[in-house]
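Chains, contacts and geometry: an overview
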Amino acid sequence: NAGVTQTPKFRVLKTGQSMTLLCAQDMNHEYMYWYRQDPGMGLRLIHYSVGEGTTAKGEVPDGYNVSRLKKQNFLLGLESAAPSQTSVYFCATRRTGTRHPEAFFGQGTRLTVV
Amino acid sequence: QQPVQSPQAVILREGEDAVINCSSSKALYSVHWYRQKHGEAPVFLMILLKGGEQKGHEKISASFNEKKQQSSLYLTASQLSYSGTYFCGITGTASKLTFGTGTRLQVTL
């Protein structure tokens, strides 16, 4: 079992370029999330999904788009990268359940926009 | 809206105790606590559900006061391995999980 896998692990983009980050999970979890982590800001929720074909906005969605065409994959897209999007991006997954189960994280993607 | 954590950072000597607080402006259904080592992904510590329950994990325990919309993480007799950044995560609905600003903890000899 790989758990939660993020691709790529590192990337450098030029301002205005586009890219897609992939989060793949083999745990059959319904919920998937994208966070960004910046110094002093903690983990901020960008977008999330409660199931295949659904997405919802988090706290900082501007400049990002997401898709969940398959249950196991959650894609985060940057259409026109800006230096302010330089960050470490984490994907997380959770199963459904009334006891609000824990999140499992990928290893992160370090993105630099120059 | 992100929950607010305090303090932002704390330095302890090995064996000392620490308390990390997490507060929210929204009603909470559950509070999660995670620890992140430098350069790694956050790792789950414990969950507290509304009802004021308290949980423990070795020498780390937590409480949840749903009326005050606050949770506290207690680290007793700290060890070097406790160093890292601690995050609280809150759910107001079952699916949306929002994390706090983080507390950086350093334990020294």
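Anything mentioned here points back to the structure above.
Everything in this summary refers to the structure shown in the same document.

Thresholds applied
Residues numbered from 1 in each chain as written. Chains lettered and ligands numbered in written order. Predicted model: local features only at pLDDT ≥ 70, side-chain atom pairs only at ≥ 80, totals over all residues. Heavy atoms only, no water. Helix = DSSP H or I, 4+ residues; strand = E, 2+ residues; numbered from the N terminus. Rg over C-alpha atoms; globule rule 2.2 N^0.38 Å. Buried < 20%, exposed > 50% of the residue type's maximum accessible area, 1.4 Å probe, protein only. Contact = heavy atoms within 4.5 Å. Areas by Shrake-Rupley, 256 points an atom, 1.4 Å probe, with all protein chains shown as cover. Lys, Arg positive; Asp, Glu negative; His and termini not counted. Charge placed at Lys NZ, Arg CZ, Asp CG, Glu CD. Pairing = 2+ DSSP bridges. Axes fitted to C-alpha atoms, helices over the stretch in contact; angles between N-to-C directions. Core = buried A, V, L, I, M, F, W, Y, C linked by side-chain atoms within 4.5 Å. Buried area = accessible area lost by both parts, 1.4 Å probe. Salt bridge = Lys/Arg side-chain N within 4 Å of Asp/Glu carboxyl O. Polar contact = N/O pair within 3.5 Å; in protein donor to acceptor, adjacent residues only side chain to side chain. Disulfide = S-S within 2.5 Å.

A closer look at the overall build of chain B
For chain B, the helix and strand inventory stands at zero helices and eleven strands. What you see in chain B, going N to C, is helices and strands ordered as β-β-β-β-β-β-β-β-β-β-β. The C-alpha atoms of chain B give 13 Å as radius of gyration, which agrees with the globular expectation for 109 residues (13 Å, within 12%). In terms of its C-alpha atoms, chain B occupies a principal-axis envelope of roughly 40 × 25 × 20 Å. Counting the 109 residues in chain B, one finds 47% classified as buried. Pairs at least 24 residues apart make up 54% of the contacts formed inside chain B by residues separated by at least 6 positions. For chain B, the accessible area works out to roughly 5300 Å², and carbon and sulfur atoms hold 49% of it. Between the mean site of the 11 positive side-chain charges and the mean site of the 7 negative ones, chain B shows a separation of 9 Å.

Digging into the sheet that holds strand β8 (residues 73-78) of chain A
Residues and elements named next belong to chain A. Across the sheet, which stays open at both edges, the four strands sit in the order β1-β3-β8-β7 with antiparallel pairing between neighbours. Both outer strands of the open sheet, β1 (4-7) and β7 (65-67), are each paired with one neighbouring strand and no more. Here the strands of the sheet are splayed against their neighbours by 15° on average, with no regard to which way each runs. Both β1 and strand β3 (residues 19-25) contribute to a ladder of four bridges, which runs antiparallel. Paired with Val4 across the strands is Gln25, a residue of β3.

Structural notes on the nonpolar core
Trp33(B), Leu73(B), Leu75(B), Tyr86(B) and Leu105(B) are the most contacted members of the largest nonpolar core, which totals 21 residues. Filtering out sequence-adjacent residues up to four positions away, Leu73(B) remains in contact with Ala18(B), Val19(B), Ile20(B), Trp33(B), Leu45(B), Met46(B), Ile60(B), Ser61(B), Ala62(B) and Tyr86(B). If you look at the next biggest cluster of nonpolar residues, it comprises 18 residues, including Leu13(A), Cys23(A), Val66(A) and Phe74(A).

A closer look at the interface of chain B and chain A
How big an interface is tends to be stated in terms of the accessible area lost upon association of its parts. Each side of the interface is counted separately: chain B has 25 residues, and chain A has 23 residues. Interface area, chain B with chain A, both sides summed: about 2000 Å², of which 58% is carbon and sulfur. The largest contributions to the chain B side of the interface with chain A come from Ser95(B), Lys96(B) and Phe99(B), which together make up 24% of the buried area. Linking chain B to chain A there are one salt bridge. Between Glu59(A) and Lys96(B) there is a salt bridge whose closest N-O contact spans 3.3 Å. On inspection of chain B and its partner chain A, the count reaches nine residue pairs in polar contact (both at pLDDT 80 or more). Tallying contributions element by element places strand β4 (residues 30-36) of chain B first for the side of chain B that touches chain A, with four residues.

Let's talk about unusual backbone geometry
With omega at -5°, the peptide bond leading from Thr7(A) into Pro8(A) counts as cis. Its place among the elements puts Pro8(A) in the loop between β1 and β2 (10-13). Cis peptide bonds are those with omega within 30 degrees of zero, and the linkage from Ser6(B) to Pro7(B) qualifies with -5°. As for its position among the elements, Pro7(B) is in the loop between β1 (4-6) and β2 (9-13). You will see that Asn28(A), though not glycine, has its phi angle at about 60°, which is positive. Relative to the helices and strands, Asn28(A) is located in the loop between β3 and β4 (31-38).

Side note on the state of the cysteines
Considering all chains together, one arrives at two disulfides over all chains under this definition. Linked covalently through their sulfurs, Cys23(A) and Cys91(A) form a disulfide whose S-S length is 1.8 Å. Between Cys23(A) and Cys91(A) the sulfur-sulfur dihedral comes to about -70°; the bridge is accordingly left-handed. Here Cys23(A) is found in strand β3, whereas its partner Cys91(A) is found in strand β9 (residues 87-94), with 68 residues between them in sequence. Look at Cys91(A) and you get buried, because its relative accessible area is 0%. For Cys22(B), the disulfide goes to Cys88(B), at an S-S distance of 2.0 Å. Its S-S torsion of about 70° marks the bond between Cys22(B) and Cys88(B) as right-handed, since a negative value means left-handed. Within this pair, whereas Cys22(B) is found in strand β3 (residues 18-23), its partner Cys88(B) is found in strand β9 (residues 84-91), the two being separated by 66 residues in sequence.

Purely geometric numbers; function is a separate question.
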